[in-house]
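Here is what each chain is made of, one letter per residue.
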Amino acid sequence: MKILGLCGSLRSGSFNASVLRTAVSLTIAPRELVVWPDLGRLPFFNADVEQTEMPGIVAELRSAVGACDGMLIVSPEYAHGTSGVLKNALEWMVGGGEIAAKPVALVSASTAITGGDNARAWLSQTLTVMGAQVIPQDLRIPQATRKFADGRVTDEPTVAALRDLLDDLADAAAKARENNGTLA
Ligand SMILES: Cc1cc2nc3c(=O)[nH]c(=O)nc-3n(C[C@H](O)[C@H](O)[C@H](O)COP(=O)(O)O)c2cc1C
């Protein structure tokens, strides 16, 4: 059971990256959570480049999406939407189609009391249009400054909610595998 983690923040002290780090520590074999290292390495999407000289890093990302059983996407909210870096990554994924029917769980951590609700709403709409299966369960982490320390989630109810979300995602991924005729 392979889960691919994507983070929409490039900030070194990112709360959202800390969510992924915590999720990795909560993941036990046979489940595996692999975090894609730094979406900032992707060039800006350009349809001409996609047609003529597909960047190797984009091919790698598409391949990682295709090989996973589900995705955990964690994003800050910037200007009432997701981050540019994550939107750019999604634009590169459109043409490959690997994300079709892939179960996706969404998390947003924000310093604001709203917890990044607009970012998740934006992502849910876009990913659904792309054919992904956004699971109904998600996680909002408002007032993040109170809930993290040393690059990890420390707030116990938030850790428990993250564990539950990982279980929900694994369940959806197992069902998707069954539907594809492979062993879960
Ligand atoms: C340019 C910018 C725009 C932001 N816009 C919003 C916003 O619209 N809504 C919100 O809840 N938080 C907003 N924030 C706050 C971020 O969500 C918050 O700083 C968050 O911790 C960033 O994620 P990170 O810790 O993973 O880097 C904004 C922050 C920045 C720097």
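Note that the structure is a prediction, hence the values are computed from the model and not measured.

Peer 1: Please provide a residue-by-residue account of the packing of helix α1 (residues 15–26) against helix α6 (residues 156–179), values included.
Peer 2: Packing of α1 against α6 leaves a shortest axis separation of 10 Å and a crossing angle of 65°. With respect to each other, α1 and α6 are oriented roughly perpendicular. Remark: the crossing between α1 and α6 carries right-handed chirality. Facing Val19, Thr22, Ala23 and Leu26 of α1, the residues of α6 in contact are Val159, Leu162, Arg163 and Leu166.

Peer 1: Got a sec to walk through the site of the ligand? Specific residues and values, please.
Peer 2: Lining the immediate surroundings of the ligand are 14 residues, of which Ser9, Arg11, Ser14, Asn16 and Glu77 lie closest. A distance of 2.7 Å is found between an oxygen atom of the ligand and a side-chain nitrogen or oxygen belonging to Ser9. A distance of 2.7 Å is found between an oxygen atom of the ligand and a side-chain nitrogen or oxygen belonging to Asn16. Residues belonging to the shell around the ligand are distributed by class as follows: five nonpolar, seven polar and two charged.

Peer 1: Lay out the sheet that holds strand β5 (residues 133–141) with the relevant residues and their values.
Peer 2: Spatially, β2-β1-β3-β4-β5 is the arrangement adopted by the five strands of the open sheet, whose pairing is parallel. Strands at the two margins of the open sheet, each flanked by one partner only, are β2 (32–35) and β5. Here the strands of the sheet are splayed against their neighbours by 20° on average, with no regard to which way each runs. The pairing of strand β4 (residues 103–109) with β5 spans six bridges and is classified as parallel. Residue pairing in the sheet places Val104 in a bridge with Val134 of β5. Docked against the sheet, α1 engages β1 (2–7), β2, β3 (70–74), β4 and β5, running at close to 130° with respect to β4.

Peer 1: Break down the environment of Asp167 for me, citing the residues and quoting the values.
Peer 2: Looking at where Asp167 falls in the secondary structure, it is placed in helix α6. Put simply, Asp167 and Thr111 are 56 residues apart on the chain and 26 Å apart in space, counted from C-alpha to C-alpha. Among the polar contacts listed, one links the side chain of Asp167 to the side chain of Arg31, at a separation of 2.8 Å.

Peer 1: An account of the nonpolar core is requested, with residue identities and associated values reported.
Peer 2: In terms of nonpolar packing, the biggest core is built from 26 residues, with Val19, Leu72, Val107, Ile141, Phe148, Leu162 and Leu165 touching the most fellow members. Listed in part, the 25 residues of the second largest apolar core include Leu6, Ile73, Leu86 and Ala89.

About the cut-offs
- Residues numbered from 1 in each chain as written.
- Predicted model: local features only at pLDDT ≥ 70, side-chain atom pairs only at ≥ 80, totals over all residues.
- Heavy atoms only, no water.
- Axes fitted to C-alpha atoms, helices over the stretch in contact; angles between N-to-C directions.
- Helix = DSSP H or I, 4+ residues; strand = E, 2+ residues; numbered from the N terminus.
- Parallel < 35°, antiparallel > 145°, perpendicular 65-115°, else oblique.
- Left-handed = near helix turned anticlockwise from the far one by under 90°.
- Contact = heavy atoms within 4.5 Å.
- Near = heavy atom within 4 Å.
- Polar contact = N/O pair within 3.5 Å; in protein donor to acceptor, adjacent residues only side chain to side chain.
- Nonpolar A, V, L, I, M, F, W, Y, C, P; charged D, E, K, R; others polar.
- Pairing = 2+ DSSP bridges.
- Core = buried A, V, L, I, M, F, W, Y, C linked by side-chain atoms within 4.5 Å.
- Buried < 20%, exposed > 50% of the residue type's maximum accessible area, 1.4 Å probe, protein only.

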